[in-house]
Amino acid sequence: MIWISLIFILLIVFALISVVKTILRKVFNIEKEKKEFFSYNHINELHRKIDWVIRIAVFIATISATFYMLNEDFSINLLLFIYFFNVVIEYGVSAFFQWKYLDGSKRYILTISEGVILALVIAIVIDFDLLSYV
């Protein structure tokens, strides 16, 4: 039953992100970009390097947190904190590079809005301890 609830929450989050992006595209006159599914879309080489450093750090932190969760009886909220900071840092870096290096593009507004929504959802899950029953 918990899996149905999680899928329902994820669908609501993705729908919310889509609606917010559509509204912001219309308000700020941002063209829809064509990108491949699961593509990285790095702005330049520095962005690619920073993104990979973040990914490796999050991977190591996730492995460490999983070890502590399994062996030391830590809460799943430890993983959620890691993912919260990952969203904030990763979307922040992407928005910065879009703002700094894409002349005339307002794509960073969409990136910031998506990051804020995801960070808020993770913070709500942590605050209300919604995964303590999993």
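Structure shown above.
Residues numbered from 1 in each chain as written. Predicted model: local features only at pLDDT ≥ 70, side-chain atom pairs only at ≥ 80, totals over all residues. Heavy atoms only, no water.

Among the structural elements, Lys 49 can be located in helix H2 (residues 45-71). Judged by its relative accessible area of 47%, Lys 49 is partly exposed. (Helix = DSSP H or I, 4+ residues; strand = E, 2+ residues; numbered from the N terminus. Buried < 20%, exposed > 50% of the residue type's maximum accessible area, 1.4 Å probe, protein only.)

In this section: the nonpolar core. Residues Val 13, Ile 17, Leu 80, Val 87, Ile 117, Leu 118, Ala 119, Ile 122, Val 125, Ile 126 and Leu 131 constitute the largest nonpolar core, which totals 11 residues. For this core, the elements supplying multiple residues, two or more each, are helix H1 (2-28), helix H3 (77-101) and helix H4 (107-127). When residues in this core are grouped by element, the largest group, six residues, is from H4. When residues no more than four places from it in sequence are discounted, the contact partners of Leu 80 are Ile 122, Val 125, Ile 126 and Leu 131. (Core = buried A, V, L, I, M, F, W, Y, C linked by side-chain atoms within 4.5 Å. Contact = heavy atoms within 4.5 Å.)

With that settled, the discussion passes to unusual backbone geometry. The backbone of Asn 29 shows a phi angle near 55 degrees, a positive value even though the residue is not glycine. On the secondary structure map, Asn 29 appears in the loop between H1 and H2. Positive phi outside glycine occurs at Asp 73, with the angle close to 60 degrees. With a relative accessible area of 70%, Asp 73 lands in the exposed category.

Right, let's talk about the packing of aromatic side chains for a bit. By the definition in use, this model includes six aromatic pairs. Where Tyr 68 meets Phe 74, the ring centres are 5.4 Å apart and the plane angle is 50 degrees; that geometry is what we call tilted. When the ring of Phe 97 is compared with that of Tyr 101, the centres are 5.4 Å apart and the planes differ by 20 degrees; the resulting orientation is stacked. Linking Phe 97 with Tyr 101, this pair stays in helix H3, spanning four residues, or about one helical turn. The exposure class assigned to Tyr 101 is partly exposed, which follows from its relative accessible area of 40%. What links up through ring pairs into an aromatic cluster is the set Phe 96, Phe 97, Trp 99 and Tyr 101. (Phe/Tyr/Trp six-rings, centres within 6.5 Å; stacked < 30°, edge-to-face > 60°.)

Tracing the backbone shows Asn 41 in the loop between H1 and H2. Along the sequence, Asn 41 and Leu 110 sit 69 residues apart, while their C-alpha atoms lie 14 Å from each other. Those residues in contact with Asn 41 that lie beyond four places of it in its chain are Lys 35 and His 47.

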